[in-house]
Amino acid sequence: MEGAPKISPYRLSFLLRLEKNPSLALELFRNPRATAPATPPKPFRYSARSYDLIICKLGRARMFAEMEDVLHQMSVETRFTPKEALFCHVISFYGRARLPVPALHAFERIASFRCRRTIRSFNSLLHAMINCGDLERVQSLWQDLDEREFVPDACTYNVLIHAATLSGSLGKAWDLFDEMRRKRIRPSVATFGTLVSALCGNSKLDEAFRLKKEMIKLYGVKPNVYIYTSLIKGLCNTNMLDLALKLKQKIILDKDIKLDSAMYSTLIRALFRDGRKGEVVGFLEEMKEKGIKPDTVTYNAMIAGFCEDEKDFDAAFEVLNEMARNGCKPDVMSYNTIIAGFCKERRWRHASELFEDMPRRGCRPDLVTYRTLFEGMCDAGELKDAGLLLDEMVFKGYAPGAVSVRKFVEGVSGEGAGDRVGPALCSLAKLNAAGVEVWEKEIRGLLNQSELLKVVKFMDRLRMD
DNA sequence: TTAGGGTTAG
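These numbers were taken from a predicted model, which means no experiment stands behind them.

A. Structural view of the protein's contact with DNA strand B. Taken together, 42 residues lie near DNA strand B, and Cys-155, Asn-158, Asn-224, Arg-269 and Glu-308 sit nearest. Each atom of DNA strand B within 4 Å of the protein belongs either to a base or to sugar and phosphate, the latter forming 47%. Within the contact set of DNA strand B, a base nitrogen lies 3.0 Å away from a side-chain nitrogen or oxygen of Ser-261. With six residues, helix 15 (residues 261-273) is the largest single contributor of residues to the surface near DNA strand B. The class makeup of the residues in the surface near DNA strand B is 14 nonpolar, 18 polar and ten charged.

B. Region of interest: the UniProt feature "repeat: PPR" (unreviewed entry) in chain A. Those residues carrying the UniProt feature "repeat: PPR" (unreviewed entry) are residues 118-152, 153-187, 188-223, 260-294, 295-330, 331-365 and 366-400 in this numbering. Helix makes up 74% of residues 153-187 and strand 0%. Its end C-alpha atoms lie 10 Å apart. Here residues 366-400 runs as 77% helix and 0% strand, with 12 Å between its end C-alpha atoms.

C. The arrangement of a negative patch on the surface in detail. On the surface, Glu-353, Glu-356, Asp-391 and Glu-392 cluster together to form a negatively charged patch. Those elements that place two or more of their residues in the negative patch are helix 20 (348-357) and helix 22 (383-396). Within the secondary structure, Glu-392 is located in helix 22.

D. Geometry of helix 22. Counted at 1.5 Å a residue, the expected span for helix 22 with its 14 residues is 20 Å, and the 20 Å between its end C-alpha atoms agrees. Three or more residues of helix 22 are buried, namely Leu-383, Ala-386, Gly-387, Leu-389, Leu-390, Met-393 and Val-394. With its buried residues spanning 165° around the axis, helix 22 presents them on a single face. The outward face of helix 22, more than 90 degrees from its buried face, is lined by the exposed residues Lys-384, Leu-388 and Phe-395. Looking at the residues trailing helix 22, positive phi occurs at Gly-397, about 85°.

The rules behind these values
- Residues numbered from 1 in each chain as written.
- Chains lettered and ligands numbered in written order.
- Predicted model: local features only at pLDDT ≥ 70, side-chain atom pairs only at ≥ 80, totals over all residues.
- Heavy atoms only, no water.
- Near = heavy atom within 4 Å.
- Polar contact = N/O pair within 3.5 Å; in protein donor to acceptor, adjacent residues only side chain to side chain.
- Helix = DSSP H or I, 4+ residues; strand = E, 2+ residues; numbered from the N terminus.
- Nonpolar A, V, L, I, M, F, W, Y, C, P; charged D, E, K, R; others polar.
- UniProt positions renumbered as here; feature names shortened; annotations may be inferred.
- Patch = residues over 30% accessible without salt bridge, like charges linked within 9 Å, V, L, I, M, F, W, Y side chains within 5 Å.
- Areas by Shrake-Rupley, 256 points an atom, 1.4 Å probe, with all protein chains shown as cover.
- Salt bridge = Lys/Arg side-chain N within 4 Å of Asp/Glu carboxyl O.
- Lys, Arg positive; Asp, Glu negative; His and termini not counted.
- Charge placed at Lys NZ, Arg CZ, Asp CG, Glu CD.
- Expected span 1.5 Å × (residues − 1).
- Buried < 20%, exposed > 50% of the residue type's maximum accessible area, 1.4 Å probe, protein only.
- Arc of directions from axis to C-beta.

Structure, rendered in structure tokens:
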């Protein structure tokens, strides 16, 4: 047998870049030699680049245990120092997966890799906390900034401004904007993007357009396609679709601005809402001419239009087929939209069929899927199936919305309801024992005294668990 | 590329 073919560290990076499957990439990374050599070889000299590639591939695929293994392996390498950017990525992978503790842990460990930590990874951490929905943590990290060695930059303020707008406080966003200028930190196009989007989202179109003018005149920052997409969405949401279309025509003439699928997705959704489905084809053709490929969001906008506005479910399914033909994978939102559409039409059986079919189609139902279908079943009075679905939900760790719980309990209340509601509440409370009082409040008044007693007994049993 | 826009539900 011939010796193992030699693979250079450079070649390994090349192969890793090509390998789309993260598990296979990891296999390749762990065994860079094609076959096991007879004698123990010298340790493979992994390049910093191949660590970057494999860590990012694993992080994107949310294979965190494997990613941590490789990080650990990298921590004992002495031939190079990893770049801070890699840790920024790791932090944001955890943020996207809504895992605040590992994100924080990754940030704290940067120095142990002999890598200098700067405001960049701090910014990544702030942003990860936004993704985790933990706005309070953003606040506390920001307050502790003085104790750290960092000086905030434009990006720090952009994240903070974003957090302020998410918490619904435009006033706070403006305060931060002022503070930024006092500190002579120049606002970037992203700063204005966040503010314009927040203004549009609060129906303050006039202010949004004024800010767009100011950013050019006062700050010398040119609006980009992000800014215009927010403005177009704002116009669409205030029944000014024609103005939105005019604005788009104006931007087309600007050679510096490259339109993208996001802008078209916004317009396509708005056309459906306005009952102008017929014009959508023309927009799809325009995209094609400009070399802009429709993405999942574009298709989802069409699915939403067909389900919500046209009630044309065959057409919605045809969009799914079209996606497959164009190599675009439907995501959980694609399915949730159709399921919600069916439920609204009380066609819960159709909704249920699609739900059952999701795993085969390569998509895992999420919290929204379960909540939507559960509510649909409750609305249709299909309480038996709703109960079964509830069990499955709870098993997966998903809690239904309070409104649908109420509908469910209302629906099954009556003679012997305690027996039927009890187990369901029991499983609900398992999710979150602290929430027991909430459920108790929810059913009080709906059940008669003896039934309530049965439910409370179930809860008592729970508390002892 | 550390930050901003677009499509569900609630």
